Amino acid sequence: MSTERSGSSRATVEPVLSRAERVAAATPPTRHRVIDFLRAAAITVVVLGHWTIVAVDRNGIQPHGVLDNAPWSHPLTWVFQVMPVFFLVGGYANGISWRSARRKGVGYGGWLRARLRRLGLPLIPLLLVWLAACVIMLAAGMTPERVQVLSQMALIPTWFLAAYLLVIAVAPACLVLWERFGWWSIAGGVVLAGVVDLISIGTGSELAGYPNYLIVWASFHQFGYAWLDGRLATLRRKLLLAGIGAVGLAVLVGLGPYPVSMITAAGDEISNSSPTRVTMAFLGMLQAGLVLTTEAPLTRWLQRPRVWFVTVVLNSRIMTWFLWHLTAMVAVSSLLVALGGIGLGLAPLSPLWWATRPVWWLVLLAVTYGLVLVFGRFESPRADPRPAPATWRPVAAAVCVCAGLAVMASAGMVGPGGLNPVWPLLPVVGLAVFGVLLRPGRTSV
């Protein structure tokens, strides 16, 4: 019997190892594996972070409940707010992508449409599912306020996608600035972001701070270009970058009006992330400098077939994991509340609450995995045989997507007066009308 079990175990392990070895062997030696690893690691931190800082009790979801009740946790957000890592990796990848397009004679319109297809198509099922869910919940008698909280919580990931699409739209222009002015192009953007903050905070207007969603992230995104061009290759430069970020943060938080938490907390008068403040650029410098010091050992570690295989698998469905992980949490939380609050009686931050977090993560992981199995195919669109579009068409599509996501990220799909279908449908209609989606008669997703 033990021999049979041993044989069965080897039969299970060997195919996995063989597949991992095939994936590793098929990976071009020129591929920078650290890029894929950092993207996967950052999404893992984001998912686990969201599943942890959102408190759920018998009354339902309490957004940022842990941060609101535990000020001691605010410095930890300097580690767990990893959105800058995505923009660092994005700068590297977009620099490669746009330079490749230039060499091949692919224009801006064709390039932007391809990027929109890659990022926009996985978004469509999320918006349509939540639109239908809101209609059903309101029809079932749930209050608009409650539906608003649920939809707003589930759609939190869309704020990042809106900001990232904005940065992608200006990435080619920013690359020109980087190639022409180097570090000064980044410094100028950071200074401009500081001026926007000065106006926004000085006047008490959040709206005046909205330009920094683009200015801060587009400026920091250029550190990815610097990485790509070898301008951050030495340990000295990496540590210098981390030092600039640390000093900048210390000054802005210690002497300025900025709070310690890099994630919105109810007790803070202003937020570092909503709208994006210049502090996020300095946080990114600190994180980028420290992360890049691990580049060499990470490169060696990622040569291991199984490690690289896991990285590839996570990246193959990374947008789906990111977009749906809070939907999984909202669904599980709502079910438990409907069943009388089973398992939700623990006081947040209590020892028993912490002890049960791994169980909570595993349950949400299983539900999210099921959603990935269903909706992950939208992340692998079929080849697009069409000629390049007029530039204005993908630009118009990007505007529609960003506008719809920006509103929903802050307000959800439902307001005091009920459902507002305009904002969830705007990205879908924009992608369809302006030619990002393939016509059904040719090739469908």
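Further up the page is the structure itself.
These lines cover the structure that appears in this document, whether it is placed above or below. (Residues numbered from 1 in each chain as written. Predicted model: local features only at pLDDT ≥ 70, side-chain atom pairs only at ≥ 80, totals over all residues. Heavy atoms only, no water.)

Before going further, it helps to spend a moment on a nonpolar patch on the surface. A cluster of nonpolar residues, Trp72, Leu76, Val79, Phe80 and Trp354, forms a patch on the protein surface that exposes about 540 Å² of accessible area. Take leucine 76: it is sitting in the loop between helix H3 (65-69) and helix H4 (77-80). Classification of leucine 76 as partly exposed rests on a relative accessible area of 42%. (Patch = residues over 30% accessible without salt bridge, like charges linked within 9 Å, V, L, I, M, F, W, Y side chains within 5 Å. Areas by Shrake-Rupley, 256 points an atom, 1.4 Å probe, with all protein chains shown as cover. Salt bridge = Lys/Arg side-chain N within 4 Å of Asp/Glu carboxyl O. Helix = DSSP H or I, 4+ residues; strand = E, 2+ residues; numbered from the N terminus. Buried < 20%, exposed > 50% of the residue type's maximum accessible area, 1.4 Å probe, protein only.)

Next up on the list: the packing of aromatic side chains. A full pass over the atoms with the stated rule returns 21 aromatic pairs. Judged by centre distance (5.3 Å) and plane angle (50°), the ring pair of phenylalanine 86 and phenylalanine 160 falls under tilted. With phenylalanine 86 in helix H5 (residues 83-104) and phenylalanine 160 in helix H9 (residues 157-181), this pair connects stretches of sequence that are 74 residues apart. For the pair phenylalanine 86 and phenylalanine 160, a shared accessibility class is recorded, and that class is buried. A ring pair is formed by phenylalanine 160 and phenylalanine 322, whose centres lie 5.5 Å apart and whose planes are at 85°; its orientation type is edge-to-face. Residue phenylalanine 160 is located in helix H9, and its partner phenylalanine 322 is located in helix H16 (residues 318-338); the two are separated by 162 residues in the primary sequence. Residue phenylalanine 160 is classed as buried on the basis of its relative accessible area of 6%. In textbook terms, an aromatic cluster arises when at least three aromatic residues are bridged by ring pairs, as seen for Phe86, Phe87, Phe160, Tyr164, Trp217 and Phe322. In this structure, arginine 33 is placed above the aromatic ring of tryptophan 308, and the distance from its NZ or CZ to the ring centre is 4.7 Å. (Phe/Tyr/Trp six-rings, centres within 6.5 Å; stacked < 30°, edge-to-face > 60°. Lys NZ or Arg CZ within 6 Å of the ring centre and 35° of its normal.)

As a further point, take the environment of leucine 344. Assignment of secondary structure puts leucine 344 in the loop between H16 and helix H17 (351-355). For the pair leucine 344 and leucine 228, spaced 116 residues apart in sequence, the C-alpha to C-alpha distance is 47 Å. Not counting residues up to four positions away in its chain, the partners in contact with leucine 344 are Val56, Asp57, Arg58, Ser333, Leu336 and Val337. (Contact = heavy atoms within 4.5 Å.)

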